[in-house]
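A closer look at the structure
Here is what each chain is made of, one letter per residue.
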Amino acid sequence: MSVQESNFKRFVEVGRVVLLQSGPLAGKIAVIVEIIDHNRAIIDGPLTSVPRQAFSYRHLSLTPFRLSKLPRGAGSGCIRRQLEKEGIVAKWENSSWAKKRAAIEKRRSLNDFQRFEVMLAKKARRDAVRKAVAKA
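Residues numbered from 1 in each chain as written. Predicted model: local features only at pLDDT ≥ 70, side-chain atom pairs only at ≥ 80, totals over all residues. Heavy atoms only, no water.

**Thoughts on the sheet that holds strand β4 (residues 50–56)**
Strand order in the open sheet made by the 5 strands is β4-β3-β2-β1-β5, with antiparallel pairing throughout. Each edge of the open sheet carries a strand with a single partner, namely β4 and β5 (60–66). With strand direction ignored, the average angle separating the axes of adjacent strands in the sheet is 40°. As paired elements, strand β1 (residues 16–20) and β5 share 4 bridges and run antiparallel to each other. Within the sheet, the bridge partner assigned to Val18 lies in β5 and is Leu62. Sitting on the sheet, helix α1 (residues 76–86) is in contact with β2 (29–35), β3 (40–45), β4 and β5, with an inclination near 130° to β2. Helix α3 (residues 96–108) rests against β1 and β5 of the sheet, and its axis sits at about 135° to β5. (Pairing = 2+ DSSP bridges. Helix = DSSP H or I, 4+ residues; strand = E, 2+ residues; numbered from the N terminus. Axes fitted to C-alpha atoms, helices over the stretch in contact; angles between N-to-C directions. Contact = heavy atoms within 4.5 Å.)

Right, dumping it as structure tokens:
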């Protein structure tokens, strides 16, 4: 009998970088430091100002990033050094997931006049594309 490779690539594990989905810290990233049980883990984000706390898996999203060789129950100083060494925060900010979240947040924060300007820019772009296609 052959062994089939798992479809799952991201696991809840110590060192996994997670995105917080709810609460006052929503949108920030942190690291799983310790697994409490099947529902909660202790997270810490020393570079993203996320305090060490227990957090439910329901309110976390697992990212593809992971700190290598992080010991269980590591302190904030150790996590900070690992994050800086591996450049995880910069990797996250350059990921398409983070860029998409930033674009959505920027779009949500526009006022009425800024939304109007975006509409005019889209109309101008659409007109230019239509003319270029008609020429070709």
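**Regarding the pattern of salt bridges**
This model, assessed by the stated rule, comprises 9 salt bridges. A salt bridge links Glu34 to Arg72; its shortest N-O distance comes to 2.6 Å. Of this pair, Glu34 sits in strand β2 while Arg72 is found in the loop between β5 and α1, placing the two residues 38 residues apart along the sequence. Accessibility expressed as a relative area gives 64% for Arg72, which makes it exposed. Salt-bridge contacts for Asp44 lead to Arg52; the nearest nitrogen and oxygen are separated by 3.3 Å. Looking at Asp44, the relative accessible area reads 3%, which means it is buried. With a relative accessible area of 38%, Arg52 lands in the partly exposed category. A cluster of three or more residues bridged by salt bridges with shared partners is formed by Glu13, Arg16 and Arg66. (Salt bridge = Lys/Arg side-chain N within 4 Å of Asp/Glu carboxyl O. Buried < 20%, exposed > 50% of the residue type's maximum accessible area, 1.4 Å probe, protein only.)

**Some details on the side chain of Thr63**
Note on placement: Thr63 falls in strand β5. In this view, Thr63 contacts Arg10, Arg16, Val17, Val18, Leu19, Trp92 and Trp97; residues no more than four positions away in its chain are not counted.

**Here we look at the nonpolar core**
By size, the foremost hydrophobic cluster in this structure holds 16 residues, and its most contacted members are Val31, Leu67, Leu70 and Ile79. Elements with a minimum of two residues in this core: β1, β2, α1 and α2 (88–94). Residues contacting Ile79, with those up to four places away along its chain left out, are Val31, Val33, Asp44, Pro46, Arg52, Leu67, Leu70 and Ala74. With 11 residues, the next largest nonpolar core counts Ala30, Ile32, Ile43 and Leu60 among its residues. (Core = buried A, V, L, I, M, F, W, Y, C linked by side-chain atoms within 4.5 Å.)

**So, a nonpolar patch on the surface**
A cluster of nonpolar side chains, contributed by Phe113, Phe116, Met119 and Leu120, occupies part of the molecular surface with about 380 Å² of accessible area. With respect to the helices and strands, Leu120 occurs in helix α4 (residues 112–135). (Patch = residues over 30% accessible without salt bridge, like charges linked within 9 Å, V, L, I, M, F, W, Y side chains within 5 Å. Areas by Shrake-Rupley, 256 points an atom, 1.4 Å probe, with all protein chains shown as cover.)

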